[in-house]
Amino acid sequence: MTQKTIQEAMPEQPISGHPPVSARALLSHRAFLFFLLSRSLSRFSSQIAAVAIGWQIYDLTGSAFDLGMVGLVQFLPTAFLVFVAGHAADRYERKRVVQLCQLAEAATALYLALITYLGAASEVQIFIATFVLGIAGAFESRTTAALLPLIAPEGSLQRATAVSSGAAQVATITGPALGGFAYAVAPPLAYAVMVLFWILGMILTGFIHPRPQAIAKEGTSSDNIFAGVRFIRSNPAILGTISLDLFAVLFGGVTALLPIYARDILQTGPVGLGVLRAAPAVGALLMTMVLARHAISRHVGLRMFQAVIVFGLATIVFALSSWMWLSVLALAILGAADTISVVIRFSLVQLSTPDEMRGRVGAVNFLFINASNQLGQFESGVAAALLGAMPAAVLGGVATVAVALLWMKLFPSLRKVQTLE
């Protein structure tokens, strides 16, 4: 695909003439700083929830299938509400939508803290709470992504995205570790920390003052819940990129199996589980720092396919490892490789989407991301229940490599993409 072809596939987004600002200058921008802190606190809480809910479900049931069900229950509201969430991000004031989501998440975490403290927690109650968190997360994630372009200084969206992603990865790294420690001290404590962080995030979101939002008007052709689907279908480069990520992570995800590996294979406890969950984020953070300083400037398509293949190979290494250090290293490499795919996909989408459609286009992208992550957890749980944890993880890594090689054949234009801009 030539540079001219890429520009024709992404006609809506003009190249900014404003000079980019440094990362340090970004942090002195009040709206961006409040956004960064709020988003990090929400990410922190979500990662604590992943550890606490996963460990509590496995403690209650001892079932790999139920661990996979956690991912499915979280994904269902995303699947059913993704287009509504994107539409809401384009129709209503985005920071207010984010605040409402954070309030709902804090209330749900408080419920989990209370039933756990009282010893009344059951599998059904936890699944219901997880479902509610999935609903709020679907709206919050879409709206937050659509809000960033209105907060970042003109001409600095790419760097703002890198800084924001790096901060989120810090929360992703420390969140599982804190969640593991808090749960080891007292299970209700993990949920109490989530309440505190989501409330603080809601307050900080209120201090954000973004630029005026381009609201989709009623009655126009663009004001349609499914407009994002049509937009992506008209951009083959975007369709190929996000579908690659969908199927690669669907087969290669091992997140749902981490409690099994932590307790039964690596023989560690909740703290060790927190370390394992944090390892991909460590690799992702390091890769984000590299990409913030050295953008992918050549052979972009080929690098994306190479990253997915590395992701699959790292999954295989993790699956076969019985040593904690090697498992952590494999997960870190897996996270770094996934970050490259994410950066390319996000850049393609942002370069092609006008502001009044960012919520709906982002909703489709979010559906692909969550389908790969949470349905991948369900697939891993089912495969582990049928085959065992280790064979299921190995098979997933092999399937990921196969998907990457197949997509190179199905989308040869993606492999030939040289630059993003």
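This is a predicted model, so every value here is computed, not measured. (Residues numbered from 1 in each chain as written. Predicted model: local features only at pLDDT ≥ 70, side-chain atom pairs only at ≥ 80, totals over all residues. Heavy atoms only, no water.)

**Structural notes on the overall build of the protein**
Thought 1: Across its full length, the protein holds 17 helices and zero strands.
Thought 2: Among the 421 residues that make up the protein, the fraction classed as buried is 56%.
Thought 3: The long-range fraction of contacts in the protein, counting pairs at least 24 apart against all pairs at least 6 apart in sequence, stands at 89%.
Thought 4: Element-wise, carbon and sulfur atoms account for 69% of the exposed surface of the protein, whose accessible area totals about 17,500 Å². (Helix = DSSP H or I, 4+ residues; strand = E, 2+ residues; numbered from the N terminus. Buried < 20%, exposed > 50% of the residue type's maximum accessible area, 1.4 Å probe, protein only. Contact = heavy atoms within 4.5 Å. Areas by Shrake-Rupley, 256 points an atom, 1.4 Å probe, with all protein chains shown as cover.)

**Notes on the pattern of salt bridges**
Pairing between side chains of opposite charge can happen when the charged atoms of each approach one another.
Thought 1: If you walk through the whole model with that rule in mind, you get three salt bridges.
Thought 2: Of the charged contacts in the structure, one is a salt bridge between arginine 263 and aspartate 264, with a shortest N-O distance of 3.4 Å.
Thought 3: Its relative accessible area of 37% is what places arginine 263 among the partly exposed residues.
Thought 4: For aspartate 264, a relative accessible area of 41% puts it in the partly exposed group. (Salt bridge = Lys/Arg side-chain N within 4 Å of Asp/Glu carboxyl O.)

**Here we look at the UniProt feature "transmembrane region" (unreviewed entry) in the protein**
Thought 1: Following the UniProt record, the feature "transmembrane region" (unreviewed entry) maps to residues 32-58, 64-85, 189-208, 237-262, 274-292, 304-323 and 382-407 here.
Thought 2: Helix makes up 100% of residues 64-85 and strand 0%, whereas the separation of the span's terminal C-alpha atoms amounts to 31 Å.
Thought 3: Along residues 237-262 one finds 81% helix and 0% strand; the C-alpha atoms at either end are 39 Å apart. (UniProt positions renumbered as here; feature names shortened; annotations may be inferred.)

**So, the packing of aromatic side chains**
Thought 1: Under the criterion given, the structure shown has seven aromatic pairs.
Thought 2: Ring centres of phenylalanine 44 and phenylalanine 197 lie 5.0 Å apart, and the angle between their planes is 70 degrees; this geometry places the pair in the edge-to-face category. Of the two residues, phenylalanine 44 sits in helix 3 (residues 30-61) while phenylalanine 197 sits in helix 8 (residues 187-206), which places them 153 residues apart along the sequence.
Thought 3: With a relative accessible area of 17%, phenylalanine 44 lands in the buried category.
Thought 4: For phenylalanine 197, a relative accessible area of 15% gives the class buried.
Thought 5: Taken together, a centroid distance of 4.6 Å and an interplanar angle of 40 degrees make the contact between tyrosine 261 and phenylalanine 318 tilted. With tyrosine 261 in helix 11 (residues 258-265) and phenylalanine 318 in helix 13 (residues 300-320), the pair connects residues that are 57 residues apart, well separated along the chain.
Thought 6: Joined through ring pairs, the aromatic side chains of Phe247, Trp407 and Phe411 make up one cluster. (Phe/Tyr/Trp six-rings, centres within 6.5 Å; stacked < 30°, edge-to-face > 60°.)

**A word on helix 4 (residues 64-91)**
Thought 1: Helix length check: helix 4, at 28 residues, gives a terminal C-alpha distance of 41 Å against a target of 40 Å (1.5 Å per residue), a fit within 8%.
Thought 2: Of all the bends in helix 4, the greatest measures close to 60 degrees and is centred on leucine 81.
Thought 3: One side-chain oxygen at the N-terminal end of helix 4 lies 3.2 Å from the backbone nitrogen of phenylalanine 65; it belongs to serine 63. (Expected span 1.5 Å × (residues − 1). Bend = angle between axes of the 7 residues up to and from the residue. Polar contact = N/O pair within 3.5 Å; in protein donor to acceptor, adjacent residues only side chain to side chain.)

**Considerations on unusual backbone geometry**
Thought 1: Although it is not a glycine, glutamine 267 sits at a positive phi angle of roughly 55 degrees.
Thought 2: Examined against the element boundaries, glutamine 267 turns out to sit in the loop between helix 11 and helix 12 (270-293).
Thought 3: Its relative accessible area of 67% is what places glutamine 267 among the exposed residues.

**Here's the deal with the environment of leucine 406**
Thought 1: Along the chain, leucine 406 turns up in helix 16 (residues 389-410).
Thought 2: The exposure class assigned to leucine 406 is partly exposed, which follows from its relative accessible area of 43%.

**Side note on the side chain of glutamine 99**
Thought 1: With respect to the helices and strands, the residue glutamine 99 is situated in helix 5 (residues 94-117).
Thought 2: We classify glutamine 99 as buried; its relative accessible area is 15%.
Thought 3: At 3.0 Å, the side chain of glutamine 99 forms a polar contact with the backbone oxygen of methionine 202.
Thought 4: For glutamine 99, the contacting residues outside a window of four places in its chain are Met202, Thr205 and Gly206.

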